[in-house]
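Take a look at the letters that make up each chain.
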Amino acid sequence: MSQPNAPVSERTPRSVLVTGGNRGIGLAVARAFADAGDRVAVTHRSGEPPAGFFGVRADVTDPASLDAAFAAVEAEQGPVEVLVANAGTTRDQLLMRMSDEEFDSVLDANLAGAWRVARRAVRGMVRAKRGRIIFMSSVVGLYGSPGQTNYAASKAGMIGLARSIARELGSRGITANVIAPGFIDTDMTRELPEATAADYKGRIPAGRFGEVADIAQAALFLADAGYVNGAVLPVDGGLGMGH
Ligand code: NDP
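It should be emphasised that the depicted structure is a prediction, and the values quoted were computed from it without experimental measurement.

1. Quick notes on the site of the ligand
At step 1: Among the 27 residues in the neighbourhood of the ligand, the closest are listed as Asn 22, Arg 45, Ser 46, Tyr 151 and Thr 186.
At step 2: Here an oxygen atom of the ligand sits 2.8 Å away from a polar atom, N or O, in the main chain of Ile 25.
At step 3: Here the ligand, which alone exposes 900 Å², has 96% of that area covered by the protein.
At step 4: Those elements giving two or more residues to the shell around the ligand turn out to be helix H1 (24-35), helix H5 (149-169) and helix H6 (187-190).
At step 5: The greatest single-element share of the shell around the ligand, amounting to 3 residues, is contributed by H6.

Here you go:
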């Protein structure tokens with residue numbers, strides 16, 4: 001972690017865990033760390049783990065499954081040094097029609113889930129006196145989004161979470177930063193109605209959605225960076241600038 005400019009072949013492999021690493025952004029992030037020579041584990045809630053990765057089944061809303069997943073990862077590749085809290089979900093609905101259950105379930109997965117994995121990961125990081133925590137937030141956490149009061153609140157909450165960890169554990173060699181992706185081409189955005197997608201593209205200075213590789217690149221940067229802490233890194237083609 002202290003050798004950001006070392007050629008890949010000379011780096012000490014880091015123990016990396018990516019939650020929700022079986023598809024989309026999480027899988028791209030996992031692949032990027034593996035390509036950089038790190039030991040990478042992924043959590044998957046459903047299906048099979050992606051080929052070539054140490055996969056552990058976990059639901060971030062279930063603390064017991066997370067604890068078991070961390071224990072398995074620690075036994076396989078050592079304590080987690082880089083945590084990418086990526087698992088996330090949406091249940092969009094207009095505010096007036098949104099049920100308590102729709103609100104609570106998204107907050108539980110996105111915000112409380114990220115908090116749970118961070119709480120479990122810092123045990124080893126505090127002992128090692130080093131660690132990197134990267135939270136996958138969203139441009140809508142600060143920009144807002146109609147029909148996403150639950151999702152936007154959960155993603156905004158991740159910023160307070162990261163910054164509190166940065167203040168609490170920064171002196172222990174641990175950083176906690178946030179990536180705020182804009183619209184990235186994954187299953188999540190493929191669900192958007194065509195008119196909504198076109199409307200957003202019109203507002204993105206880049207004029208297009210991003211690629212999962214754009215987010216992976218940001219995660220690699222934050223894992224290397226030793227003096228970036230509590231930052232929110234937008235990767236959104238300019239959509240949210242001005243935050
Ligand atoms: P996908 O919907 O493609 O993948 C979501 C991942 O999260 C899956 O691996 C899913 O597992 C996992 N997941 C969801 N809920 C849980 C849970 N309760 N426990 C464990 N794992 C869970 O999403 P993306 O790849 O697009 O998004 C990844 C992250 O990036 C999310 O946090 C999302 O909010 C954020 N983001 C995405 C943007 C985009 O444009 N795509 C924009 C901004 C932020 P399973 O396969 O089992 O469902």
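Having seen it, we continue.
2. Looking at the pattern of salt bridges
At step 1: Under the definition given, this model contains 13 salt bridges.
At step 2: The partner of Arg 123 in a salt bridge is Asp 67, and the shortest N-O contact between them spans 3.8 Å. Taken together, the residues Arg 123 in helix H3 (residues 100-128) and Asp 67 in helix H2 (residues 63-77) connect sequence positions 56 residues apart.
At step 3: For Asp 67, a relative accessible area of 35% translates into the label partly exposed.

3. Let's talk about the UniProt feature "domain: Ketoreductase" (unreviewed entry) in the chain
At step 1: When the UniProt feature table is mapped onto this chain numbering, "domain: Ketoreductase" (unreviewed entry) sits at residues 14-187.
At step 2: Along residues 14-187 one finds 47% helix and 18% strand; the C-alpha atoms at either end are 29 Å apart.

4. Describing the environment of Ala 218
At step 1: Position of Ala 218 among the secondary structure elements: in helix H8 (residues 212-224).
At step 2: Along the backbone, Ala 218 and Ile 179 are 39 residues apart, and their C-alpha atoms lie at a distance of 7.3 Å.

5. Here we look at the environment of Ala 121
At step 1: Position of Ala 121 relative to the elements: it lies in helix H3.
At step 2: Among residues more than four places away in sequence, those in contact with Ala 121 are Phe 70 and Leu 83.

6. Observations concerning the packing of H3 against H5
At step 1: The geometry of H3 relative to H5 is characterised by a closest axis approach of 8 Å and an angle of 20 degrees between their N-to-C directions. On the basis of the axis angle, H3 is roughly parallel to H5. In this structure, H3 meets H5 at a crossing whose hand is right-handed. For the pair H3 and H5, the contacting residues are Glu 102, Phe 103, Val 106, Leu 107, Asn 110, Leu 111, Ala 114, Trp 115, Ala 118, Val 122 and Val 126 in the first and Thr 149, Asn 150, Tyr 151, Ser 154, Lys 155, Gly 157, Met 158, Leu 161, Ile 165 and Leu 169 in the second.
At step 2: Residues that form the contact of H3 with H5 fall into these classes: 14 nonpolar, 5 polar and 2 charged.

7. Quick look at the confidence of the model for the chain
At step 1: This prediction gives the chain a mean pLDDT of 95; 97% of its residues lie at or above 70.
At step 2: Two numbers describe this predicted complex: its pTM, 0.97, and its ipTM, 0.99.

8. Some details on H1
Because each turn of an α-helix spans 3.6 residues, side chains separated by three or four positions end up pointing in the same direction.
At step 1: Given a rise of 1.5 Å per residue, 12 residues ought to cover 16 Å, and the 17 Å separating the end C-alpha atoms of H1 matches this to within 8%.
At step 2: Turning to H1, its buried residues number three or more, namely Ile 25, Gly 26, Leu 27, Ala 28, Val 29, Ala 30, Ala 32 and Phe 33.
At step 3: Buried residues along H1 sit in contact with strand S1 (15-18), strand S2 (39-44), strand S4 (82-85), strand S5 (131-136) and H8.

Conventions adopted
- Residues numbered from 1 in each chain as written.
- Predicted model: local features only at pLDDT ≥ 70, side-chain atom pairs only at ≥ 80, totals over all residues.
- Heavy atoms only, no water.
- Near = heavy atom within 4 Å.
- Polar contact = N/O pair within 3.5 Å; in protein donor to acceptor, adjacent residues only side chain to side chain.
- Areas by Shrake-Rupley, 256 points an atom, 1.4 Å probe, with all protein chains shown as cover.
- Helix = DSSP H or I, 4+ residues; strand = E, 2+ residues; numbered from the N terminus.
- Salt bridge = Lys/Arg side-chain N within 4 Å of Asp/Glu carboxyl O.
- Buried < 20%, exposed > 50% of the residue type's maximum accessible area, 1.4 Å probe, protein only.
- UniProt positions renumbered as here; feature names shortened; annotations may be inferred.
- Contact = heavy atoms within 4.5 Å.
- Axes fitted to C-alpha atoms, helices over the stretch in contact; angles between N-to-C directions.
- Parallel < 35°, antiparallel > 145°, perpendicular 65-115°, else oblique.
- Left-handed = near helix turned anticlockwise from the far one by under 90°.
- Nonpolar A, V, L, I, M, F, W, Y, C, P; charged D, E, K, R; others polar.
- pLDDT = per-residue confidence, 0-100.
- Expected span 1.5 Å × (residues − 1).

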